Amino acid sequence: MMNSSRLLISRQSSRCLVSRSSAVAHAPRSKLVVARPSSSATTTSSSVQPPAKAAAAAILLTTALLHSIINDGTSKKNNYHHETASAAAAWCSAPPRLLGAEPTMLSPATEPKTGILFPRLCNGMTFVGCGVRVKYGFVKVYAVGTYMDPLAMSVIKDQGETQLKKALLDPNYPRTIRIVMNRDLSIDKYTAAIIEALEPRMKGQDLNSLDEFKKLNPPVDLIQGAEMEMTIRGDTLLYKNAVGGIGQIKSGVFTSAMCDVFYGEEAVSPTHLQDVLKGVKAL
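Predicted model, so just to flag it, every value in this text is computed and none were measured.

(A) Seen up close, the packing of aromatic side chains. In total, this model carries four aromatic pairs according to the counting rule given. Taken together, a centroid distance of 6.1 Å and an interplanar angle of 40° make the contact between F213 and F254 tilted. Remark: F254 occurs in helix α8 (residues 252-263) and F213 occurs in helix α7 (residues 208-215); sequence separation between them is 41 residues. Of the two residues examined, F213 and F254, each falls in the buried class. Here a set of aromatic residues connected by ring pairs shows up, and it is made of F118, F127 and Y147. Above the face of the Y136 ring, K135 is positioned so that its terminal group lies 5.8 Å from the ring centre.

As structure tokens, this is what we get:
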């Protein structure tokens, strides 16, 4: 009985093998063919590349793809910056009418007798006029210019020349007086000339402030082009000497006298006063 079972199993196994062989033999050819290597590739015993070579090829392909993406992004970024810079340059160089504003003239003013230039702004104030200090009728000692606060002068400038002259004599209207030497001059002669003009106007009051003014100027002779600035605000004069040193004098008598020196009836520079009167009206 057992022999008969073994014979039956053997026959069934043989039939399965025959059946599988037959199925393989009758299978479609396209399903049995492995991809053939290209004619340009080197023929190997197997039609599939070794794993190491396949991995290397995949890495190279990925690297090339990433490089392409990065280059594309960089190109777009460069184009963006180029376009932005071009637009900014076009905006900055556009005429004032395109920008919706009137042109602002900030070129310096020129004192006609000496050719000395005065910037349009000084210590936060606006240039209103300049002139020349003449000694002995022909020596052009220095050019002098005035800068004023447009807001402080906005009400008074339209009230007529008489009121305007009173305002110029009032030290409570802030201003900067800028002096530029047209020739070399010793510091002693410069300070002596200023003190000589101030003293009679001070009428014996606060005369010690004259000594203070003298001390604000170091013992260094002035050369052509040397600059001094006097900023007046009420009873305070802020002084910048020729070497850049800064000091102050606090005296209402002194600041009032200084205003009279440059804006009074006997101003040391009549051309300066007349130019200032015109300039204030135009603020």
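(B) Quick peek at the environment of T146. Considering the arrangement of structural elements, one finds T146 in strand β5 (residues 139-148). Along the chain, T146 and T231 lie 85 residues apart, while their C-alpha atoms are 9.7 Å from each other. Leave out the neighbours within four places in its chain, and T146 touches T126, F127, V128, G129, R175, T176, Y263, H272 and V276. Side-chain polar atoms of T146 contact the side chain of H272, separated by 2.6 Å.

(C) Seen up close, empty space enclosed by the protein. Under the definition given, this model contains one cavity of 30 Å³ or more. Within this model, the largest cavity holds a volume of roughly 30 Å³. For the lining of the largest cavity, the residue count by class is six nonpolar, two polar and no charged.

(D) Summary view of the pairing of strand β9 (residues 246-250). Only one face of β9 is covered, namely the one carrying G247 and I249; the face carrying I246, Q248 and K250 has none of its residues buried. Bridge count for strand β8 (residues 236-240) against β9 is five bridges, and the pairing is antiparallel. Across the sheet, the residue bridging to T236 is K250, located in β9. The antiparallel pairing of β8 with β9 creates a hairpin that spans five residues between the two strands, and G244 there sits at a positive phi of about 95°.

(E) Structural context of the pattern of salt bridges. Applying the stated criterion across every chain yields a total of five salt bridges. We note a salt bridge from E161 to K281, for which the minimum N-O separation is 3.5 Å. Placement of the pair is E161 in helix α5 (residues 161-169) and K281 in helix α9 (residues 270-281), with a sequence separation of 120 residues. Accessibility expressed as a relative area gives 35% for E161, which makes it partly exposed.

(F) Structural view of α8. With twelve residues, α8 extends 16 Å from end C-alpha to end C-alpha; this agrees with the ideal 16 Å at 1.5 Å per step. Taken residue by residue, α8 has F254, T255, A257, M258, C259, V261, F262 and Y263 as its buried positions.

(G) Focus on the side chain of T255. Position of T255 among the secondary structure elements: in helix α8. Ignoring sequence-local partners within four residues, the contact set of T255 consists of P171, I232, G234, D235, T236 and L237.

(H) View of the sheet that holds strand β7 (residues 227-233). Overall, antiparallel pairing links the seven strands, which are arranged β3-β4-β5-β6-β7-β8-β9 in an open sheet. Of all the strands in the sheet, just β3 (121-122) and β9 have a single pairing partner and so form its edges. For β7 and β8, the ladder comprises five bridges, and the chain directions are antiparallel. Bridge assignment links E229 to a residue of β8, and that residue is K240. α7 contacts β7, β8 and β9 of the sheet and is inclined by roughly 175° relative to β9.

(I) Spatial organisation of the layout of surface pockets. In this structure, the largest pocket occupies an estimated 440 Å³ of space. Around the largest pocket, the lining is made up of 17 residues, and of these K135, V141, L185, K189 and A193 lie nearest the centre. Per element, the largest residue contribution to the lining of the largest pocket is seven residues, and it comes from helix α6 (residues 187-202).

What counts, and at which threshold
- Residues numbered from 1 in each chain as written.
- Predicted model: local features only at pLDDT ≥ 70, side-chain atom pairs only at ≥ 80, totals over all residues.
- Heavy atoms only, no water.
- Phe/Tyr/Trp six-rings, centres within 6.5 Å; stacked < 30°, edge-to-face > 60°.
- Helix = DSSP H or I, 4+ residues; strand = E, 2+ residues; numbered from the N terminus.
- Buried < 20%, exposed > 50% of the residue type's maximum accessible area, 1.4 Å probe, protein only.
- Lys NZ or Arg CZ within 6 Å of the ring centre and 35° of its normal.
- Contact = heavy atoms within 4.5 Å.
- Polar contact = N/O pair within 3.5 Å; in protein donor to acceptor, adjacent residues only side chain to side chain.
- 1 Å grid on protein atoms, 1.4 Å probe; cavity = no way out; pocket = protein on both sides within 12 Å on 5 of 7 lines; lining within 4 Å.
- Points joined across faces, edges and corners; volume = space filled by probe spheres on them.
- Nonpolar A, V, L, I, M, F, W, Y, C, P; charged D, E, K, R; others polar.
- Pairing = 2+ DSSP bridges.
- Salt bridge = Lys/Arg side-chain N within 4 Å of Asp/Glu carboxyl O.
- Expected span 1.5 Å × (residues − 1).
- Axes fitted to C-alpha atoms, helices over the stretch in contact; angles between N-to-C directions.

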